[in-house]
Amino acid sequence: MASTRADARSNILSLTQITEDAHMNLPNNTLVLVADGRKMLLLRNHGDADRIDLRVEAHREQDNPPNREQASDAPGRSYASVGSHRSAMEATDFHQIAEDHFAAKAADLLRERALDGDFETLVIVAPPRTLGELRKHYHKEVENRIIEELDKDLTDHPIGEIEAALTRIKV
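Residues numbered from 1 in each chain as written. Predicted model: local features only at pLDDT ≥ 70, side-chain atom pairs only at ≥ 80, totals over all residues. Heavy atoms only, no water.

Undergrad: Could you clarify how one ought to interpret the nonpolar core in this entry?
TA: As a rule of thumb, nonpolar side chains are buried together in soluble globular proteins. Of all hydrophobic cores here, the largest spans 20 residues; its most connected members are Leu33, Met40, Leu110, Leu122, Ile124 and Leu134. Mapped onto this core, the elements with two or more residues apiece are strand 1 (31-35), strand 2 (39-45), helix 3 (94-115), strand 6 (122-125) and helix 4 (128-137). Examining the composition of this core, we find that seven residues originate from one element, helix 3, more than from any other. Excluding its chain neighbours within four sequence positions, the residues that come into contact with Met40 are Leu33, Val34, Ala35, Ala58, His59, Arg60, Phe102, Ala106 and Leu109. Counting 14 residues, the second-largest nonpolar core is a separate cluster that includes Leu26, Val32, Val123 and Ile162. (Core = buried A, V, L, I, M, F, W, Y, C linked by side-chain atoms within 4.5 Å. Buried < 20%, exposed > 50% of the residue type's maximum accessible area, 1.4 Å probe, protein only. Helix = DSSP H or I, 4+ residues; strand = E, 2+ residues; numbered from the N terminus. Contact = heavy atoms within 4.5 Å.)

Undergrad: What exactly am I supposed to notice about the pattern of salt bridges here?
TA: Side-chain pairing between opposite charges can occur once the charged atoms of the two side chains come close. Considering all chains together, one arrives at 14 salt bridges under this definition. We note a salt bridge from Arg44 to Asp118, for which the minimum N-O separation is 3.0 Å. One end of the pair, Arg44, is in strand 2; the other, Asp118, is in the loop between helix 3 and strand 6, with 74 residues separating them in the sequence. Given the relative accessible area of 28%, Asp118 is considered partly exposed. Residue Glu149 pairs with Arg135 through a salt bridge whose shortest N-O separation is 2.6 Å. Here the residue Glu149 occupies a position in strand 7 (residues 146-150), and Arg135 occupies one in helix 4, the gap between them amounting to 14 residues. Looking at Glu149, the relative accessible area reads 24%, which means it is partly exposed. Of the residues examined, Arg135 reaches a relative accessible area of 42% and is grouped as partly exposed. If you follow the salt bridges from partner to partner, you end up with Arg38, Lys39, Glu61 and Asp156 in one network. (Salt bridge = Lys/Arg side-chain N within 4 Å of Asp/Glu carboxyl O.)

Below, the structure is given as structure tokens:
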């Protein structure tokens, strides 16, 4: 029985050690962008490298109804100039276009802030598709300041959960 308790205690110590070793050192004043295609949070770390303390600096959200509410018609059709062949055209996804445009605007905001010297280090948290769209629009000054990208959708999560997610990654 005593050896079982000792084994359990050593396992707890090992897990504590792993947790302490595998946390992100997020420097003070780091800017954190948490975004998806419709919502963006800009957070600033007021803590230090050992304890993350994120506070909201800016929040933007766009109204982006589903594609069925934005499209007016069925996709068009094209006709061959010779014969009676017809082809359907691909439907435009207005919802996705709006999300991509929102991500581009977020990247533009980061560019403005980087050029103004507003931040030295940056962390980006976004779902994979949004992260890919952001990357297309990064300015060189923004790219140089990114210390981590996390491909998760955390826009609807409380600040404490965002801090926990950042704590679990290692830079």
